[in-house]
Amino acid sequence: MIDRDRLVKSFCELVSIDSPSDEEEEVAQHLILRLEKLGLTVERDAHGNVIASEPGELPLLLSAHMDTVEPGRAIIPEIKGDRIVSQGNTILGGDCKAGVAAIMEGLESVIEEGVPHRPIQVVFTRGEEIGLVGASNLDYSMIRALEAVVFDGNGPVNTITGSSPSYMSFDVTVRGRGAHAGVEPEKGLSAVRIVSEIIQDLPQGRLDEETTFNVGLISGGTVRNAVPVEATFGGEFRSRNTETFDLVKMQLLTTLNQARAKYREATIEEKLEVLFQMYTLDPDEKVARMTRRVMEEMHLAPDIRPSGGGTDGNVMRRQGIQSVVVGMATNGMHTVDEYVVIPDLIDTATFCRRLITSSI
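These lines cover the structure that appears in this document, whether it is placed above or below. (Residues numbered from 1 in each chain as written. Predicted model: local features only at pLDDT ≥ 70, side-chain atom pairs only at ≥ 80, totals over all residues. Heavy atoms only, no water.)

### Side note on the overall build of the protein
Move 1: Broken down by element type, the protein carries 9 helices and 19 strands.
Move 2: For 360 residues, the compact-globule estimate of 2.2 N^0.38 gives 21 Å, and the C-alpha radius of gyration of the protein, at 23 Å, lies within 12% of that figure.
Move 3: Taken along its principal axes, the extent of the C-alpha atoms in the protein is 80 × 40 × 40 Å.
Move 4: Taken over 360 residues, the protein has a buried fraction of 54%. (Helix = DSSP H or I, 4+ residues; strand = E, 2+ residues; numbered from the N terminus. Rg over C-alpha atoms; globule rule 2.2 N^0.38 Å. Buried < 20%, exposed > 50% of the residue type's maximum accessible area, 1.4 Å probe, protein only.)

### Quick look at helix α9 (residues 342–357)
Move 1: Between its first and last C-alpha, α9 extends 23 Å over 16 residues, near the 22 Å set by a 1.5 Å rise per residue.
Move 2: Counting buried residues in α9 gives 12 out of 16 residues, a clear majority hidden from the surface.
Move 3: Along α9, the residues classified as buried are I342, D344, L345, T348, A349, T350, F351, C352, R353, L355, I356 and T357. (Expected span 1.5 Å × (residues − 1).)

### Remarks on the side chain of K97
Move 1: For K97, the location among the structural elements is in helix α3 (residues 94–113).
Move 2: Buried and unpaired, K97 has D18 as its nearest opposite-charge partner, separated by 6.8 Å.
Move 3: In this structure, K97 is in contact with F11, L14, V15, I17, S19, V27, M66 and T68, ignoring residues within four places of it in sequence. (Lys, Arg positive; Asp, Glu negative; His and termini not counted. Salt bridge = Lys/Arg side-chain N within 4 Å of Asp/Glu carboxyl O. Contact = heavy atoms within 4.5 Å.)

### Examining the packing of helix α2 (residues 25–37) against α3
Move 1: Packing of α2 against α3 brings their axes to within 11 Å, and their N-to-C directions diverge by 15°. It follows from the interaxial angle that α2 and α3 lie roughly parallel. α3 is crossed by α2, and the crossing has left-handed handedness. Across from V27, L31, R34 and L35 in α2, the residues of α3 making contact are K97, V100, M104, L107 and E108. (Axes fitted to C-alpha atoms, helices over the stretch in contact; angles between N-to-C directions. Parallel < 35°, antiparallel > 145°, perpendicular 65-115°, else oblique. Left-handed = near helix turned anticlockwise from the far one by under 90°.)

### Some remarks on the state of the cysteines
Move 1: Under the counting rule described, the total for this entry stands at 0 disulfides.
Move 2: With no disulfide partner, C96 has as its closest neighbouring cysteine sulfur the one in C352, 12 Å distant.
Move 3: With relative accessibility at 0%, the residue C96 sits in the buried group. (Disulfide = S-S within 2.5 Å.)

### Considerations on the pairing of strand β7 (residues 147–154)
Move 1: Judged by how many residues are buried, β7 sits mostly within the fold: 7 of 8 residues are covered.
Move 2: Examined bridge by bridge, β7 and strand β18 (residues 322–331) share 7 bridges and lie parallel to one another. Bridging from a neighbouring strand, G153 pairs with G327 of β18. (Pairing = 2+ DSSP bridges.)

### Considering the sheet that holds strand β14 (residues 230–239)
The strands making up a sheet associate through hydrogen bonds between their backbones, and the pairing can be parallel or antiparallel.
Move 1: Reading across from one edge, β11-β12-β14-β9-β15 is the order of the 5 strands in this open sheet, with antiparallel pairing throughout. The open sheet has two edge strands with one neighbour each: β11 (205–208) and β15 (267–276). For this sheet, the mean inter-axis angle between neighbouring strands, taken without regard to orientation, is 20°.
Move 2: Here 9 bridges tie strand β9 (residues 166–175) to β15, and the two strands are oriented antiparallel to one another. Paired with T173 across the strands is E269, a residue of β15.

### As for unusual backbone geometry
Move 1: Here the bond from E70 into P71 is cis, since omega is -5°, no more than 30 degrees from zero.
Move 2: Note the cis peptide between D95 and C96, where omega equals 15°.
Move 3: As for its position among the elements, C96 is in helix α3.
Move 4: Its identity as a non-glycine residue notwithstanding, A329 has a phi of 85°, on the positive side.
Move 5: As for its placement among the helices and strands, A329 is situated in strand β18.

### A look at the environment of D139
Move 1: Examined against the element boundaries, D139 turns out to sit in the loop between α4 (133–136) and β7.
Move 2: Overall, the relative accessible area of 31% leaves D139 in the partly exposed class.
Move 3: Spatially, the C-alpha atom of D139 lies 30 Å from that of G155, the residues being 16 residues apart in sequence.
Move 4: Among the polar contacts made by the side chain of D139, one reaches the side chain of S141 at a distance of 2.4 Å. (Polar contact = N/O pair within 3.5 Å; in protein donor to acceptor, adjacent residues only side chain to side chain.)

### Description of the pattern of salt bridges
Move 1: By the definition in use, this model includes 26 salt bridges.
Move 2: Between E197 and R193 there is a salt bridge, with its nearest N and O atoms 3.1 Å apart. With a gap of 4 residues between them, E197 and R193 both fall in helix α5 (residues 191–201), about one helical turn apart.
Move 3: For E197, a relative accessible area of 19% puts it in the buried group.
Move 4: In this structure, R260 and E270 form a salt bridge, with 2.4 Å as the shortest nitrogen-oxygen distance.

Listed below in structure tokens is the structure:
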């Protein structure tokens, strides 16, 4: 059975280990020791993803990511009633360590009790928060599973991601001409001004039910008393509609070209990259049916809904692995108000346990 106290302790230990994106090694080593103690064969691929396996045919893949967003250092979890929270000056790290903790508890409860179960593989990825980097660089030759459940959704475990958007990142660099701001500003061409005009002409926020656009980074200049030579800004847009996605890309490029025409002496360069691509879950897929059945056996109503976020499931599906993304008891992701509901975390671990024993 699921051990509530062990699960909560495991989660609190995990979030207490700093693991911002690209700094996951300490939590990876922590998880490797635990997985090896359970008797799994643990390997690392060239990117540093953790892959644990049991022998047997047709394994089920359980996956979550190890990295967290900032501010995510020196997290001190606190239990307040049925919730686990941070002290308010950091995130909690429930995204995605609630998923990691639930997978580990599900495995520990089954393996330590000797309960017959379906063969499993476990993948804990790096760099999910910076564009699904770990999943994109995962060595899929090491993955035998054709079906996966990814524990990385917001809310309770019965929240199933029904669709996920495509994601485009963009970085723009503008170079103008420097001058002394107090002596001869008319000789300068301000890169900061050009950048501000471009941003003002771009859309922001939610564009429709399926599409968002955000400028999240901006920098420029070196000192107060010089017309800035260079300025940069970066952002993203995402949509679950292919046509809208292409239209927003065209709008961004058109805005940049208009700036080039207006400021012919400036240099404007952009870099655009699709970090992941959209999908819509087929509820009749085998893994989707299995997921819903286990939830219904737990008297949880499957709640299939679209998401504006991407997960490792986006990448795994394009690799031919049928993947379902489920909730993991986390709320308020990427904020200092993030919290994990303990009864929901227990449900997530219970779901994991029943998932790997359901075909036995």
